[in-house]
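Descriptive structure summary
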Amino acid sequence: MILDLDIGNTLSKWRLKDAESSEIRSRGAVWTREEWRPGADIPDLDVVEAVRISSVARAGVLDETVTLLRRQVRHVFVARSLPEALGVVNGYDEPGRLGVDRWMGALAGYQLAGGCCAVDCGSAITIDFVLPGGIHLGGFIIPGLRLMKESLKLGTRNVAIDPESEADALLEPGRRTVDAVNHGIYMAAVSAINRIYSEVCDQQGISLPMLLTGGDARVVSRGVQVPHAVWPDMVYGGLEACYPLTFAERAGKMSGAPKVPEPVSLEKIRAGLAFSMLL
């Protein structure tokens, strides 16, 4: 079995993948912690042959995790943000300072679409652009839905937006404080994503496919106005591309990869921007 770990600042997600068939056998998530120990919510390491890790947690958390895993697992691969990989040139002035989850998403998106806008809707919402030809432009970071809600300190932090909510309802004025908060932060998030996408495509003179991942991708997706696809395993896809261990991975197949959405025309993007300027 192959254990893939996506260690975030708040949540650590994992999945077990069969090394022979490339099938996903199980998956789960735990709160990111200082001392990472196997338990009921962690897969049995006795069946694991290799581990691939993407981590944006504190260095101590990653070091503790790697130390533990190397005692029990033969192969441990830790992803790093590099100046260049898999045909993508890192757009950061200091490439190592780009969050490795964003780097994995950019690499996966490029392998799938040959140029994309990769949006990760987690504790923070990150928006990265990779042009055809592999030039990573850099990106944008805005507060995620939960972070925005907590910053208001209105006692609503534990009342999450229902993932089944329709975008039309979420964009209406709220008639309770909790609804006003939820609808306000939703409007802020999706408006930022839509505007950033349009502005960058206009600047670069190209319409790019958009891919969404992260815990809030499903609900954010409802308010995104351009064609897009939700890819929950996009960070894992980057790990697969960087460290291919199965026959399917070596053939370039990434688990759960969606059909690449056909982007809207650049003319429509520019028309939308021009209209918004008149309002």
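Residues numbered from 1 in each chain as written. Predicted model: local features only at pLDDT ≥ 70, side-chain atom pairs only at ≥ 80, totals over all residues. Heavy atoms only, no water.

Glancing now at the overall build of the protein chain. Each helix and strand in the protein chain was counted, giving nine helices and twelve strands. Out of the 279 residues in the protein chain, the part that is buried amounts to 48%. In the protein chain, the share of contacts with a sequence separation of at least 24, taken over all contacts with a separation of at least 6, comes to 59%. (Helix = DSSP H or I, 4+ residues; strand = E, 2+ residues; numbered from the N terminus. Buried < 20%, exposed > 50% of the residue type's maximum accessible area, 1.4 Å probe, protein only. Contact = heavy atoms within 4.5 Å.)

Turning our attention to unusual backbone geometry. We note that serine 22 has phi near 70°; this positive angle belongs to a residue other than glycine. Mapped onto the elements of the fold, serine 22 is located in the loop between β2 (11-17) and β3 (24-31). Despite not being glycine, leucine 86 shows a phi value in the positive range, around 50°. When you line up the elements, leucine 86 lands in the loop between β6 (84-85) and β7 (88-89). Residue leucine 86 is classed as partly exposed on the basis of its relative accessible area, which comes to 37%.

This part is about the nonpolar core. Counting 32 residues, the largest nonpolar core has Val119, Met210 and Val220 as the members making the most contacts within it. Looking at this core, the elements with two or more residues in it are β8 (116-121), β9 (124-130), α3 (145-152), α5 (177-204), β11 (210-213), α6 (217-221) and α9 (266-278). With ten residues, α5 is the largest single contributor of residues to this core. Discounting chain neighbours no more than four positions away, the residues touching valine 119 are Ile125, Thr126, Ile127, Ile193, Met210, Leu211, Leu212, Thr213 and Met234. Counting 17 residues, the second-largest nonpolar core is a separate cluster that includes Leu45, Val51, Ile53 and Val76. (Core = buried A, V, L, I, M, F, W, Y, C linked by side-chain atoms within 4.5 Å.)

Let us look at the state of the cysteines. Applying the stated criterion across every chain yields a total of zero disulfides. This cysteine, cysteine 116, is not joined by any disulfide, and cysteine 117 carries the nearest cysteine sulfur, 7.2 Å off. For cysteine 116, a relative accessible area of 0% translates into the label buried. Cysteine 201 provides the cysteine sulfur closest to cysteine 117, a residue in no disulfide bond, and the two sulfurs are 7.0 Å apart. (Disulfide = S-S within 2.5 Å.)

The next point concerns the UniProt feature "active site" (unreviewed entry) in the protein chain. UniProt feature "active site" (unreviewed entry): in the numbering of this structure it lies at Asp101. Tracing the backbone shows aspartate 101 in helix α2 (residues 100-113). The contact partners of aspartate 101, leaving out residues within four places of it in the chain, are Ser54, Val56, Asp120 and Val235. (UniProt positions renumbered as here; feature names shortened; annotations may be inferred.)

Here the focus is the UniProt feature "binding site: ATP" (unreviewed entry) in the protein chain. This chain's UniProt record puts "binding site: ATP" (unreviewed entry) on Asp6, Ile7, Gly8, Asn9, Thr10, Leu11, Ser12, Lys13 and Ser123. In sequence the annotated residues extend across 118 residues, while in space they remain close, none of their C-alpha pairs exceeding 13.6 Å. By the element assignment, threonine 10 lies in the loop between β1 (2-7) and β2. The residues touching threonine 10, leaving out its near neighbours within four places in the chain, are Val30, Trp31, Thr32 and Ser123. Position of lysine 13 relative to the elements: it lies in strand β2.

In this section: the side chain of aspartate 120. Looking at where aspartate 120 falls in the secondary structure, it is placed in strand β8. Contacts of aspartate 120, omitting those with residues within four sequence positions, involve Asp101, Ile125, Thr126, Thr213, Gly214 and Val235.

On to the sheet that holds β3, then. Across the sheet, five strands lie side by side as β3-β2-β1-β4-β5; this open sheet has mixed pairing. Since the sheet does not close on itself, it has two edges, and those belong to β3 and β5 (75-78), each with one partner. Neighbour to neighbour, the strand axes of the sheet diverge by 15° on average, direction disregarded. Pairing geometry for β1 and β2, over six bridges, is antiparallel. Bridge pairing links leucine 3 to leucine 16 in β2. Of the strands in this sheet, β1, β4 (50-55) and β5 touch helix α1 (residues 59-72), which is tilted by about 180° from β4. (Pairing = 2+ DSSP bridges. Axes fitted to C-alpha atoms, helices over the stretch in contact; angles between N-to-C directions.)

The subject of this paragraph is the packing of aromatic side chains. Each aromatic ring pair is specified by the distance between its two centres and by the angle formed by the two planes. For the coordinates displayed, the defined rule picks out two aromatic pairs. Ring centres of phenylalanine 129 and phenylalanine 140 lie 6.5 Å apart, and the angle between their planes is 85°; this geometry places the pair in the edge-to-face category. On the criterion of sequence distance, the pair formed by phenylalanine 129 in strand β9 and phenylalanine 140 in strand β10 (residues 136-143) is long-range, its members being eleven residues apart. Judged by its relative accessible area of 36%, phenylalanine 140 is partly exposed. (Phe/Tyr/Trp six-rings, centres within 6.5 Å; stacked < 30°, edge-to-face > 60°.)

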